[in-house]
Amino acid sequence: GAGVSQTPSNKVTEKGKYVELRCDPISGHTALYWYRQSLGQGPEFLIYFQGTGAADDSGLPNDRFFAVRPEGSVSTLKIQRTERGDSAVYLCASSLGGGLNEQYFGPGTRLTVT
Amino acid sequence: TQLLEQSPQFLSIQEGENLTVYCNSSSVFSSLQWYRQEPGEGPVLLVTVVTGGEVKKLKRLTFQFGDARKDSSLHITAAQPGDTGLYLCAGEGGKLIFGQGTELSVKP
């Protein structure tokens with residue numbers, strides 16, 4: 001079946017602009033995660049959804065970052081007033097549930113802020 | 001703050017050699033996972049270890065979880081060029097905490 005998909009695959013934006021990154025999880029997966037991976041680093045947790053609600057948003061770096069999952073499927077990560085330090089690969093993962101259920105990762109969106 | 005330190009960060013070896021990657025923390029994790037990531041792709045789960053002292057084998061890969069559940073190792077026997085990639089350990093403690101990764105290059 002289809003895996004996790006993310007769009008766009010690449011996004012270049014100017015400093016100060018607003019961006020939206022989309023994640024389509026595997027059908028039937030109730031848990032959805034967003035991570036950020038900077039060059040030469042491992043993924044860094046941002047936020048975890050169980051269904052429509054954010055169960056843990058402790059990884060969001062500041063209030064410029066926001067994520068939604070209104071129908072419990074597709075999720076959008078929104079970044080306001082982008083800064084050059086936001087440049088990274090943004091990864092989405094989904095799983096059947098939280099805890100030890102295997103997370104399946106998408107290919108990521110590479111965000112470059114100029 | 002829970003942190004995972006991986007070593008080495010970079011490893012370049014010849015085909016047929018053995019290698020070990022280490023993942024260490026001062027924190028206890030309920031489980032530890034190992035992933036492999038290729039360029040332009042997301043990480044793919046290789047194994048999950050749950051019990052202290054547990055050893056799991058996946059073909060030429062051997063994974064061990066420390067007795068105190070604070071550290072883990074990945075040993076590859078007779079490495080092949082297809083093993084090239086970024087290897088990540090991740091601890092489960094309510095959410096996944098990733099190490100910084102080990103970039104492995106296996107030359108034919």
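Residues numbered from 1 in each chain as written. Chains lettered and ligands numbered in written order. Predicted model: local features only at pLDDT ≥ 70, side-chain atom pairs only at ≥ 80, totals over all residues. Heavy atoms only, no water.

Caption draft 1: The overall build of chain B, seen in detail. In terms of helices and strands, chain B carries 0 helices and 11 strands. Along chain B, from the amino end to the carboxyl end, the secondary structure elements read β-β-β-β-β-β-β-β-β-β-β. On C-alpha atoms alone, chain B measures out to a radius of gyration of 13 Å, which is about the 13 Å that the 2.2 N^0.38 rule sets for 108 residues. Looking at chain B residue by residue over its 108 residues, the buried ones come to 45%. Contacts spanning at least 24 positions in sequence make up 53% of the contacts within chain B whose residues lie at least 6 apart. Approximately 5,100 Å² of chain B is accessible, and the part contributed by carbon and sulfur atoms is 50%. Taken as two groups, the 9 positive and 11 negative side-chain charges of chain B have centres that lie 4 Å from each other. (Helix = DSSP H or I, 4+ residues; strand = E, 2+ residues; numbered from the N terminus. Rg over C-alpha atoms; globule rule 2.2 N^0.38 Å. Buried < 20%, exposed > 50% of the residue type's maximum accessible area, 1.4 Å probe, protein only. Contact = heavy atoms within 4.5 Å. Areas by Shrake-Rupley, 256 points an atom, 1.4 Å probe, with all protein chains shown as cover. Lys, Arg positive; Asp, Glu negative; His and termini not counted. Charge placed at Lys NZ, Arg CZ, Asp CG, Glu CD.)

Caption draft 2: Structural detail: the pattern of salt bridges. Residues and elements named next belong to chain A. Across all of its chains, the model carries 8 salt bridges over all chains by this definition. Notably, a salt bridge pairs Glu44 with Arg36, separated by 3.8 Å at the nearest N-O pair. Among the residues examined, Glu44 registers a relative accessible area of 38% and is labelled partly exposed. (Salt bridge = Lys/Arg side-chain N within 4 Å of Asp/Glu carboxyl O.)

Caption draft 3: Quick look at the pairing of strand S3 (residues 19–24) of chain B. Residue and element names in this part refer to chain B. Burial along S3 is one-sided: Leu19, Val21 and Cys23 are buried, while Thr20, Tyr22 and Asn24, pointing the other way, are not. Of the strand pairs in this sheet, strand S1 (residues 5–7) and S3 are connected by 3 bridges, and their pairing is antiparallel. For Gln6, the partnering residue across the bridge sits in S3 and is Cys23. The pairing of S3 with strand S8 (residues 71–76) spans 6 bridges and is antiparallel. Within the sheet, the bridge partner assigned to Thr20 lies in S8 and is His75. (Pairing = 2+ DSSP bridges.)

Caption draft 4: Just the nonpolar core, in detail. Grouped together as the largest cluster of nonpolar side chains are 21 residues, with contacts concentrated most on B:Leu19, B:Leu32, B:Trp34, B:Leu74, B:Ile76 and B:Leu104. Where this core is concerned, the elements lending two or more residues are S3, strand S4 (31–37), strand S5 (44–49), strand S7 (61–65), S8, strand S9 (85–92) and strand S11 (102–107) of chain B. Contact partners of B:Leu32, with chain neighbours within four places excluded, come to B:Leu4, B:Cys23, B:Val47, B:Thr48, B:Val49, B:Phe65, B:Ser72, B:Cys89, B:Ala90 and B:Gly91. One finds A:Cys23, A:Leu32, A:Leu46 and A:Ile79 within the second-largest nonpolar core, a separate group that totals 20 residues. (Core = buried A, V, L, I, M, F, W, Y, C linked by side-chain atoms within 4.5 Å.)

Caption draft 5: Spatial organisation of the interface of chain B and chain A. Taken together, the 16 residues of chain B in the interface contact 17 residues of chain A. Among the residues of chain B in contact with chain A, B:Lys95, B:Leu96 and B:Phe98 are the three that bury the most area, contributing 31% of the side total. Our count for the contact surface shared by chain B and chain A stands at 0 salt bridges. On the surface where chain B and chain A come into contact, there are 3 residue pairs in polar contact (both at pLDDT 80 or more). Here the residues of the side of chain B that touches chain A sort into 7 nonpolar, 6 polar and 3 charged. (Buried area = accessible area lost by both parts, 1.4 Å probe. Polar contact = N/O pair within 3.5 Å; in protein donor to acceptor, adjacent residues only side chain to side chain. Nonpolar A, V, L, I, M, F, W, Y, C, P; charged D, E, K, R; others polar.)

Caption draft 6: Main features of the sheet that holds strand S1 (residues 5–7) of chain A. Residues and elements named next belong to chain A. Strand order in this open sheet of 4 strands is S1-S3-S8-S7, and the pairing throughout is antiparallel. Single-partner strands in this sheet number two, and they are S1 and strand S7 (65–68). With direction set aside, neighbouring strand axes in the sheet form an average angle of 15°. (Axes fitted to C-alpha atoms, helices over the stretch in contact; angles between N-to-C directions.)

Caption draft 7: Focus on the state of the cysteines. Per the stated rule, a full pass over the model turns up 2 disulfides over all chains. One disulfide in the model links A:Cys23 with A:Cys92; its S-S distance is 1.9 Å. Across the S-S bond linking A:Cys23 and A:Cys92, the dihedral sits near -65°, which makes this disulfide left-handed. Taken together, the positions of A:Cys23 in strand S3 (residues 19–24) and A:Cys92 in strand S9 (residues 88–95) put the pair 69 residues apart, joining distant regions of the chain. Of the two residues, A:Cys23 and A:Cys92, neither departs from the other in class, the shared state being buried. One disulfide bridge connects B:Cys23 with B:Cys89, the sulfur atoms lying 2.0 Å from each other. The disulfide joining B:Cys23 to B:Cys89 has a torsion of about 80° about its S-S bond and is therefore right-handed. Of this pair, B:Cys23 sits in strand S3 while B:Cys89 sits in strand S9; the two residues are 66 residues apart in sequence, bridging distant segments of the chain. Each member of the pair B:Cys23 and B:Cys89 is classed as buried. (Disulfide = S-S within 2.5 Å.)

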